[in-house]
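As a plain string of letters, each chain reads:
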Amino acid sequence: QGGLPLMTKKNHEYSSREGEVVFTLPASIDVESIQGNGERRARIAYVGDMMTTGMDASHYVRINKDKLRAKISRPAVDDAFDFFRPFIEVDQSYTVGSMSMGYRWKKAVMDDGLKENYFHAPRLKEKVEGERNQARAEYSTIECGVEESMETIDLPIPNIDEVVSRIPPKPKVKSEVHRKVTILSSGMRIQRGEMGLVKTSPNTGRIFCSINRLSSDLRGLLTLCGERVAELDLASSQPYFLAMLFKSPALREALEKGEFYLRINERMETPADFSNRFEYGEFKLGVLATLYARPINGREYWKVEGNRSGVILAAMDKAFPGIARFLEIYRKTKGDTALSIALQKAESSVFVGAVLPLLQKDGVAAVPIHDAILCQSRSQDVVKMVLEESLFRTTGLNPIIRSSLD
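Residues numbered from 1 in each chain as written. Predicted model: local features only at pLDDT ≥ 70, side-chain atom pairs only at ≥ 80, totals over all residues. Heavy atoms only, no water.

A. Representation of unusual backbone geometry within the structure. One non-glycine residue, S73, lies in the positive phi region at around 105 degrees. Position of S73 among the secondary structure elements: in the loop between α2 (65-72) and α3 (74-84). Accessibility expressed as a relative area gives 28% for S73, which makes it partly exposed. One non-glycine residue with positive phi stands out, namely H370, at about 65 degrees. Mapped onto the fold, H370 is located in the loop between β11 (366-368) and β12 (372-376). Overall, H370 belongs to the buried group, its relative accessible area being 18%. (Helix = DSSP H or I, 4+ residues; strand = E, 2+ residues; numbered from the N terminus. Buried < 20%, exposed > 50% of the residue type's maximum accessible area, 1.4 Å probe, protein only.)

What follows is the structure, given as structure tokens:
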């Protein structure tokens, strides 16, 4: 095992409390005012915890009430929304069969921060743990290995609320307060040892877990097997796998030199300032949005004069001639979402299908972060070597692997 320590599981105090569940809610909400016994109060708090810990792209938490009622009972869900109604905002947009309404705490409710609330609810705990154990019983070998690694993770920082409060605002975020709430609640869960389930996407093969959903502002503060973590990621990962489909010498050269975004930016009439990390990040997101652009209500919006995606696409085609035509043909022949799925499948075939089994076989604790691997700092050289060899073997391209510790 190359001198690497064997993975050891932590013994969290919370797990030994008989029949007790923990839910995180805004501290300004008096849970003692919830009427009923511990089971009923816990079920109501469970719904509030969902609004604290989840968020989607619209910065609302999507809740399917029918599924939730089946999980914790119809009366409990209805009572919960009656109780929390004064404290929440509702996203009124709703598409039948597509998404449920979204909810989030009102800004004023969050002024006093969050609080962990403990309830004696053995029946609810047994139900929730039973469902989780059933899901774990169906884990693949790789998923089992990822969970074993996650069980050695900790977030050993005091005053986590202060740490989160110092995280810089993120440009264009619709609700900075809700963003900070979800970051804080996710960190608190990890500190309690609640790692959640490991799930593999049937469409892309990507693995999803609490660690790769955790904000990067906190991931760097994690420890793995009691040691500081390193995150090794593939530079320009989606374009890197795109080179397998779009055979362009110019694209391959740019990727191997780490100049993919730079070469597009050089051909923009108004280049982005790459010395500004937020502007650089926005430009990268714009390029990826352009790669995956699809019609809205049948309208190819990027073809409208002056559209941002259209401007980026023109610059991209100057840097890598023929890519605009390739993207159009691929979308029209294979489907609007086919490219993004194909690239994520290619990525997961390496990171999940090839790299993780090798690391797990050698006892190296590792968690996938989609196009990256989280590992112990002492393991980063081993992980980098395995990544480089697996990526080159799949694509024939020399990858650029970056470490969060560099």
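Okay, back to it.
B. Summary view of the pattern of salt bridges. Under the counting rule described, the total for this entry stands at 31 salt bridges. Here E176 makes a salt bridge to K180, at a shortest N to O gap of 3.9 Å. Taken as a pair, E176 and K180 lie in helix α7 (residues 176-192) at a separation of 4 residues, close to a single helical turn. The class of K180 is buried, set by a relative accessible area of 17%. Close ionic contact of E300 with K303 constitutes a salt bridge, the shortest N to O distance being 2.7 Å. (Salt bridge = Lys/Arg side-chain N within 4 Å of Asp/Glu carboxyl O.)

C. Looking closely at the sheet that holds strand β4 (residues 102-105). Within the open sheet, the 3 strands sit side by side as β2-β4-β3. Their pairing is antiparallel. The open sheet has two edge strands with one neighbour each: β2 (61-62) and β3 (88-91). Sheet topology note: the β3/β4 ladder contains 4 bridges and is antiparallel. Bridge pairing links I88 to W105 in β4. (Pairing = 2+ DSSP bridges.)

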